[in-house]
Amino acid sequence: VFKRFVEIGRVAFISFGPHAGKLVAIVDVIDQNRALVDGPCSGVRRQAMPFKCMQLTDFVLKFPHSARQKCVRLAWEKENINEKWAATRWAKKIEAREKKAKMTDFDRYKVMKAKKMRNRIIKHEMKKLQRMASKKGKKPEKSEKPEKAEKAPKSAKVQKAQKAQK
Amino acid sequence: ASEKKPGEKAPGEKKPGKKKTGEKKPAEQKASQREVGEKKKRIKKYHASRNPVLARGIGRYSRSAMYARKALYKRKYTAPETKIEKKKKETPRATITKPVGGDKNGGSRVVKIRKMPRYYPTEDVPRKLLSHGKKPFSQHKRRLRASITPGTVLILLTGRHRGKRVVFLKQLATGLLLVTGPLAINRVPLRRAHQKFVIATSTKVDISGVKIPKHLTDAYFKKKRLRKPKHQEGEIFDTEKEKYEITEQRKSDQKAVDSQILARIKKVPQLRGYLRSTFCLSNGVYPHKLVF
């Protein structure tokens, strides 16, 4: 049922508080509510932090409990946590949310245009397939094709959104 | 100190003369002659006191006797004419002759320039309290939000062009913003907009080289109203400008400004379509959360 556990070396994401949005490694457990925590590569000093503001990630580092910051840093850099984190969907969602909030009026317009274009392409393909299906009668081919057609315009839309940010 | 001893010191004298006048004369003459040779400034020779002293502070002759003895009836000096007095003398023209038309009228009349008041109120107007810093509108300080710079795209919020996105050109003397569509893009002409009723977006068009004609001022844009009824009512209400006509000058000014701006708009991708679109809110869109 539970897959991520609080353990020494577990990398956690801080969800609120003064260090909101940063990654941290659990170095030791103080009591039921707090842990000694350190984020040498993410700008968090070694400190006690309540579990409530931490959200566990999938990453675990290998160092002994109460290891000093240097060891934590070595382990962090060896595992390349920063890059791995940026590659996760979680981090990407956060980034997308931030970008969306920062969108200016012009960007919103560009996104709207891109979405419109994409939806038009999709609808166009769908209609085509529907017409083919109705002409030829019921055939199993049509269920496979719309998925392929959707993925191609989707990437175009993501590119447009990224362009809009710049 | 000099006024305490009126008997001793005559006006203009330097030495308080206690001795008799006769003895003083030759000595003074010599001194004065020498001094004349030295300084040509002091040519005047001052007489000793004509009022011998009886006791300290008491002279032999009275005021009126001294007046006669000093022959002040002959000596009347006036103070030099000050600039204020000079100005007072130069009185402005009081009347002016104006030509009068019609036969047998003599051709001209002498008319007073400043006439007497035609009405005196029965009660005086009470004196107004002093106020401070109350300036007329023409002298007010005009401010401009930092987010509005030449070339910014603004969203108009009021007026017949509400919701339209428009390019800001400059701030006019009354503080209103000079704004253009451009006309070819969204049918907004060169127009004035109020700063308060406008959202400034962060999108900017580079308007650095654009020359805006100097005659585009507030007076150019002000609404014209005919006000000469000549005491005839009825038909006159129709002739007042109900239908606004676009003058040729407006068209030419619009062209002159827009041609420069359109070139710059075309360089930015999708900007033209952006200016053509209108701003609107929909479900889930909250203006306080939007970044413009």
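Above: the structure in question.
Just so we're clear, the structure is a prediction, and the values are computed from it rather than from any experiment.

Trainee: Would you mind going over the interface of chain B and chain A with me for this structure?
Mentor: How big an interface is tends to be reported as the loss of accessible area on association of its parts. Taken together, the contact between chain B and chain A spans 16 residues of the former and eleven residues of the latter. At the surface where chain B touches chain A, the tally comes to one salt bridge. Its salt-bridge partner being Arg165 of chain B, residue Asp105 of chain A comes within 2.8 Å of it at the nearest N-O pair. Viewed at the interface, chain A and chain B are joined by five residue pairs in polar contact (both at pLDDT 80 or more).

Trainee: Looking at this structure, I do not really get the sheet that holds strand 1 (residues 10-14) of chain A. What am I missing?
Mentor: Either a parallel or an antiparallel arrangement is found when strands of a sheet pair, and the pairing is made through backbone hydrogen bonds. Residues and elements named next belong to chain A. Spatial ordering of the open sheet is given by 4-3-2-1-5, a layout of five strands whose pairing is antiparallel. The open sheet has two edge strands, strand 4 (44-50) and strand 5 (54-60), and neither has a second partner. If you compare each strand with its neighbour and ignore which way they point, the axes differ by 40 degrees on average. Relative to strand 5, strand 1 is paired through four bridges, and the arrangement is antiparallel. Across the sheet, residue Arg10 finds its bridge partner in strand 5, namely Val60.

Trainee: Teacher, can you tell me more about the pairing of strand 4 of chain A here?
Mentor: In the case of a regular strand, side chains alternate between the two sheet surfaces. Residue and element names in this part refer to chain A. Examined bridge by bridge, strand 3 (residues 34-39) and strand 4 share five bridges and lie antiparallel to one another. If you follow Arg34 over to strand 4, its bridge partner there is Pro50. A loop of four residues connects strand 3 with strand 4, the two strands running antiparallel in sequence, and Gly43 in this loop sits at a positive phi of about 75 degrees.

Trainee: Would you mind going over a positive patch on the surface with me for this structure?
Mentor: The grouping of Lys113, Lys116, Arg120, Lys123 and Lys127 of chain A together with Lys266, Arg272 and Arg276 of chain B at the surface amounts to a positive patch. Listing elements by their share of the positive patch, those giving two or more residues are helix 4 (105-136) of chain A together with helix 8 (271-276) of chain B. The leading source of residues in the positive patch is helix 4 of chain A, at five residues. Structurally, the position occupied by Lys113 of chain A is in helix 4.

Trainee: Please clarify how the pattern of salt bridges should be interpreted in this entry.
Mentor: Between side chains of opposite charge, a pair can form as their charged atoms come close. Following the criterion strictly, the structure yields eleven salt bridges over all chains and no others. Here Arg4 of chain A and Asp58 of chain A are joined by a salt bridge, their closest N and O atoms 2.6 Å apart. Of this pair, Arg4 of chain A sits in the segment before strand 1 while Asp58 of chain A sits in strand 5, and the two are 54 residues apart along the sequence. On the basis of relative accessible area, Asp58 of chain A is assigned to the exposed category, the value being 54%. Close ionic contact of Lys84 of chain A with Glu79 of chain A constitutes a salt bridge, the shortest N to O distance being 3.3 Å. On the basis of relative accessibility, which here comes to 36%, the residue Lys84 of chain A falls in the partly exposed class. When salt bridges that share partners are traced, they join Asp105 and Arg108 of chain A together with Arg165 of chain B into one network.

Trainee: Can you help me understand the side chain of Ser42 of chain A in this one?
Mentor: All names here are of chain A. On the secondary structure map, Ser42 appears in the loop between strand 3 and strand 4. Within the structure, the side chain of Ser42 is placed 2.4 Å from the backbone oxygen of Leu23, a separation counted as a polar contact. Other than its neighbours up to four places away in sequence, Ser42 contacts Lys22, Leu23 and Trp76.

Trainee: Just checking my understanding: could you explain unusual backbone geometry for this structure?
Mentor: Glycine aside, residues mostly have negative phi angles, and peptide bonds mostly take the trans form. Along the chain, Gly181 of chain B connects to Pro182 of chain B via a cis peptide bond; the corresponding omega equals -10 degrees. In this fold, Pro182 of chain B is placed in the loop between strand 7 (177-180) and helix 4 (183-186). Of note, the phi angle at Ser66 of chain A is positive, near 60 degrees, even though the residue is not glycine. Judged by relative accessible area, which is 38%, Ser66 of chain A ranks as partly exposed. Backbone geometry places Asn80 of chain A, a non-glycine residue, at a positive phi of 60 degrees. Its place among the elements puts Asn80 of chain A in the loop between helix 1 (69-79) and helix 2 (81-87).

Trainee: Would you mind showing me how to read a nonpolar patch on the surface here?
Mentor: On the surface, Val1, Phe2 and Phe5 of chain A cluster together into a nonpolar patch covering about 440 Å² of accessible area. Following the sequence through the fold, Phe2 of chain A ends up in the segment before strand 1.

Trainee: I would appreciate a short explanation of the packing of aromatic side chains in the present structure.
Mentor: Per the counting criterion, the structure on display carries seven aromatic pairs over all chains. Pairing Trp85 of chain A with Trp90 of chain A gives two aromatic rings, centres 5.2 Å apart and planes at 65 degrees, and the pair type is edge-to-face. Members of the aromatic cluster, each reached through a chain of ring pairs, are Phe13, Trp85 and Trp90 of chain A. For the cation-ring pair, Arg108 of chain A lies above Phe292 of chain B, with the distance from its terminal atom to the ring centre recorded as 5.8 Å. We note Lys110 of chain A situated over the ring of Phe106 of chain A; from NZ or CZ to the ring centre the distance is 4.3 Å.

Conventions and cut-offs
Residues numbered from 1 in each chain as written. Chains lettered and ligands numbered in written order. Predicted model: local features only at pLDDT ≥ 70, side-chain atom pairs only at ≥ 80, totals over all residues. Heavy atoms only, no water. Contact = heavy atoms within 4.5 Å. Salt bridge = Lys/Arg side-chain N within 4 Å of Asp/Glu carboxyl O. Polar contact = N/O pair within 3.5 Å; in protein donor to acceptor, adjacent residues only side chain to side chain. Pairing = 2+ DSSP bridges. Helix = DSSP H or I, 4+ residues; strand = E, 2+ residues; numbered from the N terminus. Axes fitted to C-alpha atoms, helices over the stretch in contact; angles between N-to-C directions. Patch = residues over 30% accessible without salt bridge, like charges linked within 9 Å, V, L, I, M, F, W, Y side chains within 5 Å. Areas by Shrake-Rupley, 256 points an atom, 1.4 Å probe, with all protein chains shown as cover. Lys, Arg positive; Asp, Glu negative; His and termini not counted. Charge placed at Lys NZ, Arg CZ, Asp CG, Glu CD. Buried < 20%, exposed > 50% of the residue type's maximum accessible area, 1.4 Å probe, protein only. Phe/Tyr/Trp six-rings, centres within 6.5 Å; stacked < 30°, edge-to-face > 60°. Lys NZ or Arg CZ within 6 Å of the ring centre and 35° of its normal.

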